[in-house]
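# Working through the structure, step by step
These are the residues of each chain, in order.
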Amino acid sequence: MSIETIQGVPVSRGALSPEEQAALLTDLRAVAQAAPPFSPMTGWGKPMSVRITAAGRFCWFSDRRGYRYIEAHPETGQPFPPIPEAALRVWRTFETRADPDCCLINHYREGARMGLHQDRDEADFSFPVVSLSLGDPGLFRIGGTERKSPTRSFWLHSGDAMALTGETRLAFHGIDRIKFGETALLAGGGRLNLTLRRVAKAD
Ligand code: SIN
Ligand code: FE2
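Below or above, wherever it landed, is the structure these notes cover.

Definitions and limits used
- Residues numbered from 1 in each chain as written.
- Chains lettered and ligands numbered in written order.
- Predicted model: local features only at pLDDT ≥ 70, side-chain atom pairs only at ≥ 80, totals over all residues.
- Heavy atoms only, no water.
- Core = buried A, V, L, I, M, F, W, Y, C linked by side-chain atoms within 4.5 Å.
- Buried < 20%, exposed > 50% of the residue type's maximum accessible area, 1.4 Å probe, protein only.
- Contact = heavy atoms within 4.5 Å.
- Pairing = 2+ DSSP bridges.
- Helix = DSSP H or I, 4+ residues; strand = E, 2+ residues; numbered from the N terminus.
- Donors = N, O, S within 2.8 Å, 3.2 Å for Na, K, Ca; no water.
- Near = heavy atom within 4 Å.
- Polar contact = N/O pair within 3.5 Å; in protein donor to acceptor, adjacent residues only side chain to side chain.
- Areas by Shrake-Rupley, 256 points an atom, 1.4 Å probe, with all protein chains shown as cover.
- Nonpolar A, V, L, I, M, F, W, Y, C, P; charged D, E, K, R; others polar.

So, on to the nonpolar core. Val 50, Cys 59, Tyr 108, Phe 140, Ile 142, Phe 154 and Met 162 are the most contacted members of the largest nonpolar core, which has 33 residues in total. If near-sequence neighbours (up to four positions away) are discounted, Val 50 is found in contact with Phe 38, Ser 39, Pro 40, His 107, Tyr 108, Ala 112, Arg 113 and Met 114. Counting 27 residues, the second-largest nonpolar core is a separate cluster that includes Ala 15, Leu 28, Val 90 and Ala 98.

Sheet analysis places strand β7 (residues 114–117) next to strand β12 (residues 173–178), joined by two bridges and oriented antiparallel. Along β12, the bridge assignment pairs His 117 with His 173.

Listed as protein donors to the iron ion (ligand 2) are His 117 (NE2), Asp 119 (OD), Asp 119 (OD) and His 173 (NE2); their distances from the metal cover 2.1 to 2.7 Å. Along the chain, the residues donating to the iron ion (ligand 2) fall in the pattern H-x1-D-x53-H. Placement of Asp 119 in the loop between β7 and β8 (129–135) and of His 173 in strand β12 is noted, with a sequence separation of 54 residues between them. Each member of the pair Asp 119 and His 173 is classed as buried.

Here we come to the site of ligand 1. Taken together, Asn 106, Tyr 108, Met 114, His 117, His 173, Ile 175, Arg 191 and Asn 193 form the complete shell of residues around ligand 1. Within the contact set of ligand 1, an oxygen atom lies 2.5 Å away from a side-chain nitrogen or oxygen of Tyr 108. His 117 places a polar side-chain atom, nitrogen or oxygen, 3.2 Å from an oxygen atom of ligand 1. Across the complex, the protein chains shield 95% of the 260 Å² of accessible surface that ligand 1 would expose by itself. Looking at the shell around ligand 1, the elements that each hand over two or more residues are β6 (102–108), β7, β12 and β13 (191–197). Taken together, the residues that form the shell around ligand 1 break down as three nonpolar, four polar and one charged.

Here it is as structure tokens:
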């Protein structure tokens, strides 16, 4: 896997081949069976447009009480399934000190987006957040560590991986829109994004 720098962000275009993407999707379907995707509430009491679930020890969660990481599925009460091996392999191309303990799985259906936010609820910011895109392209926007910092954007395609690390680890970022229906990877169309991270301190 070769890593290039796009707009200051390390990106591995085509980190997973089409065959690897299809195999990972099979694993992700099993994750979604065991841990059904849900729409967390925003701080304003409106459901988010993405549906999320997770693999690994932790899942990000949000409701009127605020946001936090949880260790049991909000509906089933069960722990989340293990992180698929292909996703761990992608993480290890960016970080080798320890494996992630959280793989958030975001599903963007038609019209879904993700507003600018920081990922700052993890214990150790020396670990990256590694993202892997599957399915329809998503327009990724990234700025600086202040909400008002100038932003730039680029498209993430199926199989692309990237990392928020170093200077960009705490940068505001989001997804402006997706090109719904551009790929046939997901049966119902749309985009899946996996974000791998270390929530707890590594031993
Ligand atoms: C996120 O920042 O949580 C998701 C980013 C993406 O969907 O690429
Ligand atoms: Fe994020």
